[in-house]
Amino acid sequence: MLARENIDRLMGLSGNVRTTEGDKVGSIGTFYTDDDTGEPTWVTVKTGLFGSSESFIPLQEATVDGDDVVVPFSKDHIKDAPRVAEDGHLDPGEESRLYNHYGLEGRGGTMGTADVDAGYNRDAGDNRDTDRGRDDDAMTRSEERLNVGTEKQATGRARLRKYITTENVTTTVPVQREEVRLEREPITDANAGDAMSGPELTESEHEVTLHEERPVVDKETVPVERVRLEKDTVTDEVQVDEEVRKERIETEGTGPDQTRR
């Protein structure tokens, strides 16, 4: 169990509640002390979005590690604890349900039935008490302050996927071909020798080879661009609506009732 001096130091810090396996459960909320002994017996831990939920954890086997409180219970076990209104006091029935949940029946002497006061409240920023046993004539007025923060959570995934499509490409390419054309030339003094060099009458053939061009298709793969995923941070405004509690102090016997706010 934590000693009273541990609580005095922890309340001035922003510590967390962790499990013995190292898992963070949430931030430290309120310490509750035994009415008879004044020793701390319970601590609340803030969980959920913006710390909107609080769970009670017994301090019988808790230890201190730096600014944190380490407890021998799993994160899920703590979050499944019975919900008890944090009104500054635990009645025996509420404490019994909590002890049953943590399997601590009968431990700690009379702690199972003792009333527990809210000895400290980290949100209020002061050492709270119930003003019992005080010698001065002053009363401490406390109020809850709303601390709003943010947490990051995954909302979706984006990925790049490359696939192949087929499309037709039509283009025009010029091709050449050879054709036969018959040319006649008259006998002149210049070509008479060639014309008369052979026999007078013969049968013969003359052959020429024709050529033409045909399209040849060849494909190659070339890179055309680079594509990547980038993330941009966009800031939105979200309205938070939450109730906070304040203590009021009224005076009696000094004239009309007055309430200090």
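### Some details on helix α3 (residues 92-102)
Here α3 has its buried residues at Glu94, Glu95, Leu98, Tyr99 and Tyr102. Projected down its long axis, α3 shows its buried positions confined to an angular sector of 135°, all on one face. Two or three places before Gly93, at the opening of α3, Asp91 has a side-chain oxygen 3.1 Å from that residue's backbone nitrogen.

### Comments concerning the pattern of salt bridges
For the structure shown, the criterion picks out 8 salt bridges. A salt bridge links Arg18 to Asp68, with the shortest nitrogen-to-oxygen separation between them at 2.9 Å. Of this pair, Arg18 sits in strand β1 (residues 16-19) while Asp68 sits in strand β6 (residues 68-71), and the two are 50 residues apart along the sequence. Residue classification places Asp68 among the buried residues on the basis of a relative accessible area of 15%. Here Glu143 makes a salt bridge to Arg145, at a shortest N to O gap of 2.6 Å. Classification of Arg145 as exposed rests on a relative accessible area of 55%. Because the salt bridges share partners, they merge into one network encompassing Arg18, Asp65 and Asp68.

### A closer look at a nonpolar patch on the surface
On the surface, Leu146, Val148, Val238, Val240 and Val244 cluster together into a nonpolar patch covering about 420 Å² of accessible area. By secondary structure assignment, the location of Val148 is in the loop between β8 (116-121) and α4 (192-195). The exposure class of Val148 is partly exposed, given its relative accessible area of 49%.

### Some points on empty space enclosed by the protein
In this structure the tally under the stated criterion is 1 cavity of 30 Å³ or more. Roughly 30 Å³ of volume is contained in the largest cavity. Around the largest cavity, the lining residues are Pro58, Gln60, Glu61, Pro72, Phe73 and Leu104. A per-class count over the lining of the largest cavity returns 4 nonpolar, 1 polar and 1 charged.

### Observations regarding the pairing of β6
Side chains Asp68 and Val70 of β6 all project onto a buried face; the interleaved residues Val69 and Val71 project onto the opposite face, where all are buried too. Examined bridge by bridge, strand β5 (residues 63-65) and β6 share 3 bridges and lie antiparallel to one another. In the strand pairing of β6, Thr63 is matched with Val70. Here β5 folds back onto β6, and the loop between the two strands holds 2 residues, one of which, Gly66, carries a positive phi near 70°.

### A word on the confidence of the model for the protein
Looking at the protein, the pLDDT average stands at 78 and 81% of residues meet or exceed 70. Every residue in residues 106-134 is under pLDDT 50, and counting partners more than four places away or in other chains gives 84 contacts.

### Quick notes on the nonpolar core
In this structure, Phe31, Trp42, Ile57, Val69, Val71, Ile78 and Tyr102 are the most contacted members of the largest nonpolar core, which totals 27 residues. The set of elements that each furnish at least two residues to this core consists of α1 (4-10), β2 (24-34), β3 (40-47), β4 (53-58), β6 and α3. A per-element tally of this core places β2 first, with 4 residues. Once you skip the residues sitting within four places of it in the chain, Ile57 turns out to touch Val17, Thr41, Trp42, Val43, Val45, Val71, Phe73, Ile78 and Tyr102.

### Re the packing of aromatic side chains
All chains considered together, the criterion is met by 3 aromatic pairs. Between Tyr32 and Phe56, the aromatic rings sit 5.1 Å apart at their centres with planes inclined by 65°, giving edge-to-face as the arrangement. Taken as a pair, Tyr32 in strand β2 and Phe56 in strand β4 lie far apart in primary sequence, 24 residues in all. Like Tyr32, the residue Phe56 is buried in the burial classification.

### So, the pairing of β3
For β3, the buried fraction is high: 8 of the 8 residues fall into the buried class. Sheet topology places β2 next to β3; 5 bridges connect them, and they run antiparallel. Opposite Ile28, over in β3, you have Val45 as the bridge partner. The turn joining β2 and β3, which pair antiparallel and follow one another in sequence, is formed by 5 residues; a positive phi near 75° is taken by Gly38. With 6 bridges joining them, β3 and β4 adopt antiparallel strand pairing.

### Quick look at the side chain of Arg18
A relative accessible area of 18% means that Arg18 is categorised as buried. Looking at Arg18, its side chain comes within polar contact range of the side chain of Asp65, at 2.7 Å. A polar atom in the side chain of Arg18 sits 2.9 Å from the side chain of Asp68. Ignoring sequence-local partners within four residues, the contact set of Arg18 consists of Asp23, Lys24, Val25, Asp65, Asp68, Val69, Val70 and Val71.

Conventions and cut-offs
- Residues numbered from 1 in each chain as written.
- Predicted model: local features only at pLDDT ≥ 70, side-chain atom pairs only at ≥ 80, totals over all residues.
- Heavy atoms only, no water.
- Buried < 20%, exposed > 50% of the residue type's maximum accessible area, 1.4 Å probe, protein only.
- Helix = DSSP H or I, 4+ residues; strand = E, 2+ residues; numbered from the N terminus.
- Arc of directions from axis to C-beta.
- Polar contact = N/O pair within 3.5 Å; in protein donor to acceptor, adjacent residues only side chain to side chain.
- Salt bridge = Lys/Arg side-chain N within 4 Å of Asp/Glu carboxyl O.
- Patch = residues over 30% accessible without salt bridge, like charges linked within 9 Å, V, L, I, M, F, W, Y side chains within 5 Å.
- Areas by Shrake-Rupley, 256 points an atom, 1.4 Å probe, with all protein chains shown as cover.
- 1 Å grid on protein atoms, 1.4 Å probe; cavity = no way out; pocket = protein on both sides within 12 Å on 5 of 7 lines; lining within 4 Å.
- Points joined across faces, edges and corners; volume = space filled by probe spheres on them.
- Nonpolar A, V, L, I, M, F, W, Y, C, P; charged D, E, K, R; others polar.
- Pairing = 2+ DSSP bridges.
- pLDDT = per-residue confidence, 0-100.
- Contact = heavy atoms within 4.5 Å.
- Core = buried A, V, L, I, M, F, W, Y, C linked by side-chain atoms within 4.5 Å.
- Phe/Tyr/Trp six-rings, centres within 6.5 Å; stacked < 30°, edge-to-face > 60°.

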